[in-house]
Amino acid sequence: MSWQAVARKEFRDAIRSRWLHGSTLFFALFLGGAPALFFGLLIPADLRQVSNLFGFFADLGVFSFSFPGLLALILGFVALSTSYGSITEERETGSIKLLLSLPNSRLDAMLGKLLGRSAVVVVALLVGFFATFVVLLGTGTGLQIGSFVPQIALTVLLGVAFVSIGLSLSALADSNREATLATMGLYLVFAVLWGSVSEGIPKLLNYTAEQVGIGSLSEVLRVKIGVFLKYLNPLKTYETLSAQVYYGPEQARLVTTTFGEQAILTPVLRESIPFYFTGWFLLLILLAWIAIPVAVGYRAFEQADL
Amino acid sequence: MSAIELDGVTKRFDDVTAVSNLSLTVEEGEIFGFLGPNGAGKSTTINLLLDFVRPTDGAVTVLGHDAREESVAVRERTGVLPEGFDVYDRLTGRAHVEFAIDSKDVDADPEAVLARVGIADAADRQAGGYSKGMRQRLALAMALVGEPDLLILDEPSSGLDPAGAKEMREIVLAEAERGTTVFFSSHILEQVEAVCDRVGILREGELVAVDSIEGLRAASDTDASLRVTVGERVDDNVLSAVRDLAGVDRVDRDGDDALRVACDSDAKTRVVTELEARGVSVTDFTTEEASLEDLFLAYTERAEDVEATGADDETDDEMADDETDDDEMADDETDDEMADGEVANEPDEAADEPDDETAEDAEVPR
């Protein structure tokens, strides 16, 4: 197994890219600047707790905004950009022939790339969180280590998941152009379209059930299906898990839901949390977003002629 | 055990059969030259050895391992200089060699390997700034890491100046001395002649000959070329009469006072007798041994002689294309695989090619 060699090569290569320098700088400015602005200027000293920014969720029913959600959007974009060309570009330049002339199996190549590129994203992210840390200390903000550190870990996992997604697109695509378009399309789905689709599916199921004469689905079931589908989106999985580290699972499962969904879901969650809404299950979903894309990509790459 | 064994190997891409029912054995310790015009399937064959592409049919065994199932084991003991590759622009030369050392899991000094291929002074520069010749040397350095048992070199001297090509030859010979099997492809004949124990000639995906160079000479029916000096210009009908003789391949005028005849050895006297019988005064004649160039053309052209005669213009165009391709390695592969039967038809131009490349690829960083 020589995936370490590939990972090292990937890291050394990517760490010299201007794109990475740019995104590291961006993370440093964003993750340092936002708390500096928030805790340094906007918030009175007695309210300076990490949760007030990194656990900031504003729910306006039709429109919700959260700081973790924004971070997830940015991180998803950066991570995809770091990885979507990792195979197609090597194919197009021909450097893949050097990579695979050496005794690296295609599995080594996939795993090495996943690790190397993830390391690059994680380094950029950690530089950013280091800036946050400095600002938090400087402004005398409560660190809430027990919540903040798990949230950083979740952020790292989300970054790796999107590296894995980009890498699989790179393995599946025939050309760099195709990989670019697929990545842009998929990002659009995650960032914008997923919500509407996951709200539409229960309605469609309900309609189908009525048509075939099984009778309509209960409202609770429809909401459960809709919210569950929503949390399959890695961006939303991350968001709700981030909320959980600060506010516990019951409240966290309601972030990013609509008022209608909240009204129906609240009593259900209060009674007992179904296993598919537990933190552990959602964490499993996030991990699946790391494992499954890279596995699918590997299958395609394994079969392909160079 | 043989180093390379291809048994009835066929590789079809969507619309092209790149290699067709190819069987070939290369013994351990041999230097084997794989010859053929661009598009003959040389690179595809090498890609099959390395599991870059998978055979449609047939079995490929390298160093006793199945090339598909045990590819990593094959590549652990094989050094490869691929064709149509590129370096990692942002990594230094040293980092490339370190990547090879890491991947092969061996102990080696990057400095020493780079010195061996003559680019030690550029070790700490990013390879993106290397000239094509330097990139070629860098890939050779990566191939040499870990003292491989088999070296596979695909068009190794492309991008190298004559001095570079000579160094490459010396390295190949030194490796062979060590007992390494060397398998290399080329469309430049001088190189093959200089180092190879045996050669195989590939044409349109089929192996048309495998033998030592002497063996090829003996087997080829254009093994001799006869130069006949005559008193006056010879009529066309006399030419065609000579052409019709048994054992005569071709007859051309060599100026007004000489003829050049490609024929079997035993047909020589018949040619001279025929000329004299037709009233041509033969003042002198000499026999020249067929050059490898002639052999190569004889093998690669044969089918085309039947198919097309007036295709000279087209061939010239294709030659021009070839020279451009040598500059753009990435495109090379596609051309190699897709273009069917581009034959280097003009002996003079083909012979000039190494020099042409020299002019274009002086060893200065871009």
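Residues numbered from 1 in each chain as written. Chains lettered and ligands numbered in written order. Predicted model: local features only at pLDDT ≥ 70, side-chain atom pairs only at ≥ 80, totals over all residues.

A. Up close: the overall build of chain B. In terms of regular secondary structure, chain B is built from 14 helices and 14 strands. Burial status across chain B gives 45% buried among its 366 residues. Of the contacts formed within chain B by residues at least 6 apart in sequence, a portion of 72% connects residues at least 24 apart. (Helix = DSSP H or I, 4+ residues; strand = E, 2+ residues; numbered from the N terminus. Buried ≥ 20, exposed ≤ 12 C-beta atoms within 10 Å, placed from the backbone. Contact = placed C-beta atoms within 7 Å.)

B. The arrangement of the interface of chain B and chain A in detail. Listed by partner, the interface residues are 28 residues for chain B and 21 residues for chain A. For the side of chain B that touches chain A, the secondary structure elements donating two or more residues are helix H2 (71-76), helix H3 (93-104), helix H5 (132-144) and helix H13 (329-338) of chain B. The element that contributes the greatest number of residues to the side of chain B that touches chain A is H3(B), accounting for 6 residues. Of the residues that constitute the side of chain B that touches chain A, the class distribution is 17 nonpolar, 3 polar and 8 charged. (Nonpolar A, V, L, I, M, F, W, Y, C, P; charged D, E, K, R; others polar.)

C. Main features of the sheet that holds strand S7 (residues 150-154) of chain B. Residue and element names in this part refer to chain B. Read from one edge to the other, the open sheet built from 6 strands follows the order S6-S7-S8-S3-S9-S10, with strand pairing classed as mixed. In this open sheet, the two edge strands, each paired with only one partner strand, are strand S6 (78-81) and strand S10 (206-211). Strand-to-strand, the axes of this sheet are offset by a mean angle of 15°, without reference to chain direction. Pairing analysis gives 4 bridges linking S6 to S7, with the strands arranged parallel. (Pairing = 2+ DSSP bridges. Axes fitted to C-alpha atoms, helices over the stretch in contact; angles between N-to-C directions.)

D. Expanded view of the confidence of the model for chain B. All names here are of chain B. Residues at a pLDDT of 70 or more form 79% of chain B, whose mean pLDDT is 80. In the model, residues 304-366 has pLDDT below 50 throughout and makes 84 contacts with residues more than four positions away in sequence or in other chains. Across the whole predicted complex the pTM is 0.81, and at the interface the ipTM reaches 0.90. (pLDDT = per-residue confidence, 0-100.)

E. Spatial organisation of the domain arrangement of chain A. Residue and element names in this part refer to chain A. Considered domain by domain, chain A is made up of domain 1 (3-191 + 294-303) and domain 2 (192-283). Using C-alpha coordinates to define each centre, domain 1 is positioned 26 Å away from domain 2. Across the contact, 22 residues belong to domain 1 and 18 residues belong to domain 2. Mapped onto the side of domain 1 that touches domain 2, the elements with two or more residues apiece are strand S1 (57-59), strand S2 (64-66), helix H4 (67-83), helix H8 (145-172) and helix H9 (176-212). Counted by class, the side of domain 1 that touches domain 2 contains 12 nonpolar, 9 polar and 1 charged residues. (Domains from an automatic or database assignment.)

F. Inspection of the pairing of strand S9 (residues 198-203) of chain B at higher detail. All names here are of chain B. Counting buried residues in S9 gives 5 out of 6 residues, a clear majority hidden from the surface. Two strands pair when backbone bridges link them, and strand S3 (residues 31-35) and S9 are joined in this way by 4 bridges, in the parallel orientation. Directly across from Leu-35, in S9, lies its bridge partner Ile-201. Bridge count for S9 against S10 is 5 bridges, and the pairing is antiparallel. Counterpart to Arg-203 in the pairing with S10 is Glu-206. Between the end of S9 and the start of S10, which pair antiparallel, lie 2 residues, with Glu-204 showing a positive phi angle near 45°.

G. Expanded view of the sheet that holds strand S1 (residues 2-12) of chain B. Pairing within the open sheet is antiparallel, and its 4 strands lie in the order S2-S1-S4-S5 (chain B). Across the chains shown, the open sheet's two edge strands, defined by having one partner strand only, are strand S2 (17-27) and strand S5 (65-66) of chain B.

H. Up close: helix H14 (residues 279-303) of chain A. All names here are of chain A. In this model H14 runs 37 Å from its N-terminal to its C-terminal C-alpha over 25 residues, within 8% of the 36 Å that 1.5 Å per residue would give. In the structure, H14 departs most strongly from a straight axis at Ala-288, where the bend amounts to approximately 30°. Among the residues of H14, Leu-282, Trp-289, Ile-290, Pro-293, Val-294, Gly-297 and Phe-301 are the ones counted as buried. Where H14 is buried, its residues contact helix H7 (106-138), H8, helix H10 (219-232) and helix H11 (234-247). (Expected span 1.5 Å × (residues − 1). Bend = angle between axes of the 7 residues up to and from the residue.)

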